[in-house]
Amino acid sequence: MSDDGWFVYRGGTARTDEQVVKRWLDDPPPWRRRTDVRPIEREPLTDEATVRACEERALRYISAGHSELLRANMALLLRRPLLVTGPPGVGKTSLAYNLAHCLGLGPPLRWEVNSQSTLQDALYIYDAVAHLHASQTDPSARIGDYITLGPLGTALLPTRLPRVLLIDELDKSSFDLPHDLLHVFEEGVFIIPELVRAGDDQVVFPYDHAGAQDRVPIFNGRVRTIHHPVVVITSNGERSFPEAFLRRCVQLELKRPDNATLALIVRSQLGPEISDELIEREFHRYHDQMTDVIVQALFLQTHFEADPDEVYGGLKR
């Protein structure tokens, strides 16, 4: 067996064999053993256009190589968040889409973090005002009708397969948010106090619900996962994270791709007809630019015959 024979995820475009995925899920490490949880039957539901867009993004992704695959698989097998750092434009978010596609886990649940984001936002939202107004005319209005799970809350549902959760640009968050996430990551459970007080099982809306009828049951006001979600956290390096948080993540730093990888990325997005000569010339011209800038410049030149010097000056600014 080769030294990567234990890999669950191999990048590229092909899906991992279902039996390999099953063996991965059936053999968690001791700190991720299954608990006695009542499962729910729900496949990721979303509109066809969203599914297509996610797959297109996943299939355009080009792996940076063995080191990246090694760390991604470490995170999968250890059930730890994958913390992906690096400059903008190197494919940090696209990695999450590729993971979801290759493992057959449905479109990723995406949480875009900003300075005002809180753990509550990620777990669930309760529309108390709408519930109050409804209860004035209908005393039987159920509280679950006014609760929507957030992306993290939805990822923790006890479904047959785990979901991929993309926490995008966590370095923009407040100082406390990484600490707040740790407990939920470790325990795989959270409580919805409003449902605990209601005293019965209710249904709520998941984050990616497909309409008024797409709801999930919550038992005893508690959400506890069966399979811990595949968590991909991105950071542009605008701040550092607490040591306790870093210890519980598998860290992956993506650097600017080499020329051979850049050529693959360009052709995956703009087509195989882009000549080696043009790619080499533009790599030299844009040697200090990020991948997305190079792709944009080549698109303008090949599709609209834009002047290279004008393109370069415009994009560089």
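Treat the numbers as computed from the prediction; the structure is a model and nothing was measured. (Residues numbered from 1 in each chain as written. Predicted model: local features only at pLDDT ≥ 70, side-chain atom pairs only at ≥ 80, totals over all residues. Heavy atoms only, no water.)

**Q** What am I meant to see in the pairing of strand S5 (residues 164-168) here?
**A** The side chains of a regular strand alternate between both faces of the sheet. Of all five residues that make up S5, five are buried, and the element is covered over most of its length. Pairing of strand S2 (residues 109-112) with S5 involves four bridges; the strand directions are parallel. Its bridge partner being in S5, Arg-110 is matched across the sheet by Leu-166. As paired strands, S5 and strand S10 (residues 230-235) are joined by four bridges and run parallel to one another. In the sheet register, Leu-166 faces S10, and the bridge partner there is Val-232. (Buried < 20%, exposed > 50% of the residue type's maximum accessible area, 1.4 Å probe, protein only. Helix = DSSP H or I, 4+ residues; strand = E, 2+ residues; numbered from the N terminus. Pairing = 2+ DSSP bridges.)

**Q** Sorry if this is basic, but what is going on with the sheet that holds S10 here?
**A** Hydrogen bonds along the backbone pair up the strands of a sheet, which may run parallel or antiparallel. Spatially, S2-S5-S10-S1-S11 is the arrangement adopted by the five strands of the open sheet, whose pairing is parallel. Both outer strands of the open sheet, S2 and strand S11 (250-253), are each paired with one neighbouring strand and no more. Neighbour-to-neighbour, the strand axes of the sheet open up by a mean angle of 20°, direction not taken into account. As defined by bridge partners, strand S1 (residues 82-85) adjoins S11 across four bridges and the pair is classed as parallel. (Axes fitted to C-alpha atoms, helices over the stretch in contact; angles between N-to-C directions.)

**Q** It is not clear to me how the side chain of His-228 should be interpreted in this structure. Could you clarify?
**A** Residue placement: His-228 occurs in the loop between strand S9 (222-224) and S10. Polar contacts involving the side chain of His-228 include one to the side chain of Arg-32, which spans 3.4 Å. Here the side chain of His-228 touches Phe-185 through a polar contact of 3.5 Å, landing on its backbone oxygen. Not counting residues up to four positions away in its chain, the partners in contact with His-228 are Arg-32, Arg-79, Pro-162, Phe-185, Glu-186, Glu-187 and Gly-188. (Polar contact = N/O pair within 3.5 Å; in protein donor to acceptor, adjacent residues only side chain to side chain. Contact = heavy atoms within 4.5 Å.)

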